[in-house]
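Overview (structure and organization)
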Amino acid sequence: MKKFVDESWLVLVMGVVFACLLAGTQTSLEARILENQARALNEAIAEVVPVVDTMETLTVDGNTVYKCLDKEGNLAGWAVDAVGTGFVDKIRLVAGLSPDGSRVTGIKVIEDLETPGLGNKIEGEWADQYKGLDASRKIEAIKGEANRDNNEVQAITGATYSSTYVTDIVNDVIERVRPMLEEHR
Amino acid sequence: MSIGVLVGIFLSVALVNNLVLAGFLGICPFLGVSRKVDMAFGMGCAVTFVITISGVVTWLIVHAILTPIGNAIGNPGALYFLKYVAFIMVIASMVQLVEMYLKKFFPPLYTAFGVFLPLITTNCAILGACLYIDMKPETQNLLNAAVYAFGGGLGFMLAITIMAGIREHVRFSDVPKCLQGAGITLLVAGILALAFTGFTGIGK
Amino acid sequence: MAKEVSNLEQFKDGVLGNNPVLVQLLGMCPTLAVTNSLENALVMGMAATFVVVMSNLITSTLRNLIKPHVRILIFTLTIATFVTIADLTLKAYIFEVSKKLGAFVPLIIVNCMIICRAEVVAIKKGVAKSLADAFGIGIGFTLALSILGVVREILGSGTLMNRQVLPDAFLDGHTWVIMVLPPGAFLTLGVVVGVVNHVRARGAKGGAA
């Protein structure tokens, strides 16, 4: 027993001291970190739903849905968090839907590992094409000129797969979530 | 939960996002223990073994210890600052346990890859895989996490064995003096990584 | 090394003669993974420097109390603690970069360079020498990462610290995307290591050093 204490007291003392040190750091920085994470998400949501003041977080069919309200407390739209297969790794995005669920009001990719310079254009203004598309029909990503009346977006040149994968994720999540929005209104 | 999802996770981590060639994990053993194919294969087996066990155990640490205690005091993430310390301690002790277990019950296996076990604690592929399991949305249930860890280990084994195969041949070629050793190994790894980028897109 | 070296020499040795990345080939994972831009490389370098300095400081202060066979445990515990602190600090103050570095901040724990300094220097030498060594190694590490970061960012994205440095004609679809992808990291490091070896070989022949 004495031998055990002799050999290990330092490890135990250091363990306790370090744990306190970490707990201290955590307590002092936690608020800031949470604020940073919330800000990143809020910025993405603000891009896909035009007017947001407050949000309620719901879970619909396994997906997180943010019910966005404007200043007067009226329904301003829905932001749906979705994850799906991409060309390289998973792509995570938020898709915005109009209050009645009929239109896509925008999409924003938050996390992806698509090829820099090609596939990762999905993060940028390419995604603006989704604004105003019909949410009741499938969206299609096609090569060349896109016809918006047919619910089409133009795929990125050299990154057709990435574009198609984004479209698939959006279609899939809208199809599953949209019918169930009514009951959360 | 379909079998397709599991296959997807497996292929993604073993080939497309290979821990070594696309994720830059476990580079030290990849460069250091890849001179001979049989050594490389032994190292690969040892890593696969430990990575699978550690992946499962660290998953349990997060989901069965840290999160429930956090929940009990009202904030699920309250103890997450202990994650890294807990992970590395678990890996270190897993390695020790596996070493002792093999030595006692499977002596042939121990002689085959036991020598690599002590080196594995500081192999970042192991800690890296555990961290990714913790971060990725698709590995939040135990079975997926286990498949991810196992696939990651096999991917490492594949990469290091191929590398050793190439290096056995490089030995006979005329390499410029300043590139001998690490230089040429890194260049070969670059070309190998280039080949592995060809796997992107098979995840569907 | 037979005779005792001064603190300054210990420092210089870490930066140049025994550069952890380019000469000793330690800490390769972050070197390859986070050098697709100079910004990432610098932040990673500073985080690792902080950890190696704190780890050397604590280890050398306690060196007479540490029992030999629990030393690795103590090193790991110390390193893991300060890595967590670094990680939390980055998340709180430079969130964007910390997101890009992702798992590679916690992976500093298994960076063999740091545990190697504790084992080789801090456990044997005094506090001042250990600190000089840690700063030297940390800065040498940052330097090596920055070299890779500069090459890969310029060729891969045509920018430096996110500012455009190459003409539009190059940027317009002609950037070497491969440089910011994994293969580019291996190729660049291979070439840089080759160049360093070449220069060192010449230096040795000239009878310098």
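Our structure's up above, just so we're on the same page.
First, a word on what this report is: a plain description of the structure on this page. Only a predicted model underlies this, so the values are computations on that prediction, with no experimental measurement involved.

**Some points on the overall build of chain A**
Secondary structure assignment for chain A yields 2 helices and 7 strands. For chain A, the sequential pattern of α-helices and β-strands runs α-β-β-β-β-β-β-β-α. Expressed as lengths along the three principal axes of its C-alpha atoms, the size of chain A is roughly 80 × 45 × 25 Å. In chain A, buried positions account for 44% of the 185 residues. Relative to all contacts within chain A whose residues are 6 or more apart in sequence, the contacts with residues 24 or more apart total 46%. Accessible surface computed for chain A: about 9500 Å², of which carbon and sulfur atoms make up 53%. For chain A, the distance from the average position of its 19 positive side-chain charges to the average position of its 30 negative side-chain charges is 2 Å.

**Quick word on the side chain of D112 of chain A**
Relative to the elements of secondary structure, D112 of chain A occurs in the loop between β5 (104-111) and β6 (140-142). Residue contacts for D112 of chain A: discarding those within four places in its chain leaves K90, I91, N120, I122 and E123 of chain A.

**Thoughts on the pairing of strand β3 (residues 75-84) of chain A**
Residue and element names in this part refer to chain A. The buried fraction of β3 is high, at 8 of 10 residues. Linkage of strand β2 (residues 63-69) to β3, two consecutive antiparallel strands, is achieved through a turn of 5 residues, within which G73 is found at a positive phi near 90°. Bridge count for β3 against strand β4 (residues 91-97) is 7 bridges, and the pairing is antiparallel. Paired with A82 across the strands is L93, a residue of β4. Linking β3 to β4, which pair antiparallel, is a turn of 6 residues.

**Comments concerning the sheet that holds strand β1 (residues 54-60) of chain A**
Residues and elements named next belong to chain A. Spatial strand order, β1-β2-β3-β4-β5: 5 strands in an open sheet with antiparallel pairing. Of all the strands in the sheet, just β1 and β5 have a single pairing partner and so form its edges. On average, each strand axis in the sheet is tilted by 20° relative to the strand beside it, whichever way the strands run. Examined bridge by bridge, β1 and β2 share 7 bridges and lie antiparallel to one another. What sits directly across from T54, in β2, is L69. Packing of helix α1 (residues 2-48) onto the sheet brings it into contact with β1, β2, β3, β4 and β5, and relative to β5 it is tilted by some 155°. Contacts from helix α2 (residues 160-181) reach β1, β2, β3, β4 and β5, with the element oriented near 130° to β3.

**Regarding the pairing of β5 of chain A**
Residue and element names in this part refer to chain A. Pairing of β4 with β5, which is carried by 6 bridges, proceeds in the antiparallel orientation. Of the residues in β5, the one forming a bridge with G96 is G106. The turn linking β4 back onto β5 is made up of 6 residues, and G101 within it adopts a positive phi angle of 75°.

**Looking at helix α3 (residues 38-61) of chain C**
For α3 of chain C, with 24 residues, the first-to-last C-alpha span of 34 Å sits near the 34 Å given by 1.5 Å per residue. Burial of α3 of chain C is extensive: 17 of the 24 residues sit out of reach of the surface.

**A few points about the interface of chain A and chain C**
With 21 residues of chain A at the interface, the matching set in chain C holds 25 residues. At the boundary of chain A with chain C, the tally comes to 0 salt bridges. Taken together, the residues of the side of chain A that touches chain C sort by class into 12 nonpolar, 6 polar and 3 charged.

**Some remarks on the interface of chain C and chain B**
Listed per partner, the contact involves 35 residues of chain C and 36 residues of chain B. Between chain C and chain B, a total of about 2900 Å² is buried, with carbon and sulfur atoms accounting for 86% of that surface. Of all residues in chain C, C29, V110 and F186 of chain C bury the most surface against chain B, accounting for 22% of the area lost on that side. Put simply, chain C and chain B have 0 salt bridges between them.

**Focus: the pattern of salt bridges**
Opposite charge on two side chains makes pairing possible when the charged atoms of those side chains draw close. This model, assessed by the stated rule, comprises 12 salt bridges over all chains. The shortest N-O distance in the salt bridge between K108 of chain A and E47 of chain A comes to 3.9 Å. Taken together, the positions of K108 of chain A in strand β5 and E47 of chain A in helix α1 put the pair 61 residues apart, joining distant regions of the chain. Among the salt bridges present, the one from D87 of chain C reaches K91 of chain C, with a minimum N-O distance of 3.2 Å. One end of the pair, D87 of chain C, and the other, K91 of chain C, are both in helix α4 (residues 71-93), 4 residues apart, so they sit about a helical turn from each other. When its relative accessible area of 5% is taken as the criterion, D87 of chain C is described as buried. The network of salt bridges with shared partners includes D81, R92 and E111 of chain A.

**Focus: the packing of aromatic side chains**
Under the counting rule described, the total for this entry stands at 10 aromatic pairs over all chains. On the numbers, 5.0 Å between centres and 45° between planes, the contact of Y101 of chain B with F105 of chain B is tilted. Of the two residues, Y101 of chain B and F105 of chain B both sit in helix α4 (residues 83-105), 4 residues apart, roughly one turn of that helix. With a relative accessible area of 46%, Y101 of chain B lands in the partly exposed category. Pairwise contacts between aromatic rings join F18 of chain A together with F50 and F82 of chain C into one cluster. Positioned over the ring face of Y80 of chain B is K83 of chain B, at 4.0 Å from the centre of the ring. Positioned over the ring face of F105 of chain B is K104 of chain B, at 5.8 Å from the centre of the ring.

**Concerning helix α7 (residues 124-135) of chain B**
Here α7 of chain B contains 12 residues, and its C-alpha end-to-end distance of 16 Å stays within 8% of the 16 Å for a straight helix at 1.5 Å per residue. Most of α7 of chain B sits out of view: 11 of its 12 residues are buried. Among all positions in α7 of chain B, only C124, A125, I126, L127, G128, A129, C130, L131, Y132, I133 and D134 of chain B are buried. On its buried side, α7 of chain B packs onto α3 (37-72), α4, α6 (117-120) and α8 (142-170) of chain B together with α2 (28-33) of chain C. The N-capping residue of α7 of chain B, defined by a side-chain oxygen 2.8 Å from the backbone nitrogen of A125 of chain B, is N123 of chain B.

**A word on a nonpolar patch on the surface**
Together, M1, F4, V5, W9, V13 and V17 of chain A together with L65 of chain C make up an exposed nonpolar region whose accessible area comes to about 700 Å². Tracing the sequence through the fold places F4 of chain A in helix α1. Judged by its relative accessible area of 53%, F4 of chain A is exposed.

**Considerations on the packing of helix α1 (residues 3-16) of chain B against α8 of chain B**
All names here are of chain B. Across the interface, α1 lies against α8 with an axial gap of 7 Å and an inter-helix angle of 30°. Considered as vectors, α1 and α8 are oriented roughly parallel to each other. The way α1 lies across α8 gives a crossing that is right-handed. Here V5, L6, I9, F10, V13, A14 and L15 of α1 come into contact with α8, specifically with L143, N144, V147, Y148, F150, G151, G152, L154, G155 and L158. By residue class, the composition of the contact of α1 with α8 is 13 nonpolar, 4 polar and no charged.

Conventions adopted
- Residues numbered from 1 in each chain as written.
- Chains lettered and ligands numbered in written order.
- Predicted model: local features only at pLDDT ≥ 70, side-chain atom pairs only at ≥ 80, totals over all residues.
- Heavy atoms only, no water.
- Helix = DSSP H or I, 4+ residues; strand = E, 2+ residues; numbered from the N terminus.
- Buried < 20%, exposed > 50% of the residue type's maximum accessible area, 1.4 Å probe, protein only.
- Contact = heavy atoms within 4.5 Å.
- Areas by Shrake-Rupley, 256 points an atom, 1.4 Å probe, with all protein chains shown as cover.
- Lys, Arg positive; Asp, Glu negative; His and termini not counted.
- Charge placed at Lys NZ, Arg CZ, Asp CG, Glu CD.
- Pairing = 2+ DSSP bridges.
- Axes fitted to C-alpha atoms, helices over the stretch in contact; angles between N-to-C directions.
- Expected span 1.5 Å × (residues − 1).
- Salt bridge = Lys/Arg side-chain N within 4 Å of Asp/Glu carboxyl O.
- Nonpolar A, V, L, I, M, F, W, Y, C, P; charged D, E, K, R; others polar.
- Buried area = accessible area lost by both parts, 1.4 Å probe.
- Phe/Tyr/Trp six-rings, centres within 6.5 Å; stacked < 30°, edge-to-face > 60°.
- Lys NZ or Arg CZ within 6 Å of the ring centre and 35° of its normal.
- Polar contact = N/O pair within 3.5 Å; in protein donor to acceptor, adjacent residues only side chain to side chain.
- Patch = residues over 30% accessible without salt bridge, like charges linked within 9 Å, V, L, I, M, F, W, Y side chains within 5 Å.
- Parallel < 35°, antiparallel > 145°, perpendicular 65-115°, else oblique.
- Left-handed = near helix turned anticlockwise from the far one by under 90°.

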